[in-house]
Amino acid sequence: SRDWSSDVCSSDLDYQGIGTMSKSKNNGVDPQALIDQYGADTARLFVMFASPPEQTLEWNDAGVEGAHRFLKRVWAFGAKHGALLQRATAGDLSAAALRAEAKALRREVHLVLKQVSYDYERMQYNTVVSGCMKLLNALEAYKPDGSDGDAAVLCEAVSVLLRALYPACPHLTHGLWVDLGYAARLGELLDTAWPAVDEGALVQDEVELVLQIAGKMRGSVKVPAGADKAAIEAAALASPEFAKFGEGKPAKKVVVVPGRLVNIVV
């Protein structure tokens, strides 16, 4: 048998760093092997997520595994909520009476949709994929109560996810689109219109402000979105955090930074 170690030790190694894949350099990755192992959707998703189109892509096996795990999560979510989604219809949710958790999910969905739509126009596919991942995280964290309102919000959210992910992963998204009943209601995914951002869903009923007491962060306080300075001050002074950390001292001053924080000086 040949001692390959002696050949290596006696040879001069010339490392030239990361370069371009090419046949002449014999450093290409066979996409068919990747497709056979993980599927075409995983291969496409990894390439789109790993790097913006104008930059060099550094191959990473761990990244391929991560893309595959993400798609398995998408499929598992559809399977878990399939019965609820098949009986639901998105409808017009702009004026629907929804619980706070459902409103929060809708706001997250349309914030992500707004960003993803912009990124597609700029051909920034890596941030499109990261937006889809963010959307799936929000969906997995959501706990529907089985009501018609929750089912409708979930139905809308999943339809947005599938349409946003479709250009990168046409096979998986098409399968879910059909299995979850969207094709029967809205037509084939290929022919379905791009989802529109509902600006009304982005409006918050409440805002959460950082609460500082004597310059130290002590929690947060929620106030109505249209609350004026006096209402914000009153909410901060009535908070349990001020009762605990104010040490019984009267407030000398309350500083309000609109949309960001409120600081009670003692």
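Check the entry above for the structure.
A quick note: this is a predicted structure, and the numbers were derived from the prediction, not measured.

Participant: If you had to explain the overall build of the protein to someone new, which residues and values would you point to?
Facilitator: A tally of helices and strands in the protein yields 12 helices and four strands. Burial status across the protein gives 36% buried among its 266 residues. Of the contacts made within the protein by residues no fewer than 6 positions apart, 62% connect residues no fewer than 24 positions apart. Looking at the protein as shown, the accessible area adds up to about 15600 Å², and 54% of this sits on carbon and sulfur atoms.

Participant: Break down the pattern of salt bridges for me, citing the residues and quoting the values.
Facilitator: This structure, assessed with the given rule, holds 11 salt bridges. Between E199 and K114 there is a salt bridge; the shortest N-O distance is 3.7 Å. In this pair, E199 is assigned in the loop between α10 (182-186) and β1 (206-213) and K114 in helix α6 (residues 100-121), connecting sequence segments 85 residues apart. The partly exposed category is assigned to K114, whose relative accessible area is 42%. Through salt bridges with shared partners, a single network forms among R99, E101, D145 and D150.

Conventions and cut-offs
Residues numbered from 1 in each chain as written. Predicted model: local features only at pLDDT ≥ 70, side-chain atom pairs only at ≥ 80, totals over all residues. Heavy atoms only, no water. Helix = DSSP H or I, 4+ residues; strand = E, 2+ residues; numbered from the N terminus. Buried < 20%, exposed > 50% of the residue type's maximum accessible area, 1.4 Å probe, protein only. Contact = heavy atoms within 4.5 Å. Areas by Shrake-Rupley, 256 points an atom, 1.4 Å probe, with all protein chains shown as cover. Salt bridge = Lys/Arg side-chain N within 4 Å of Asp/Glu carboxyl O.

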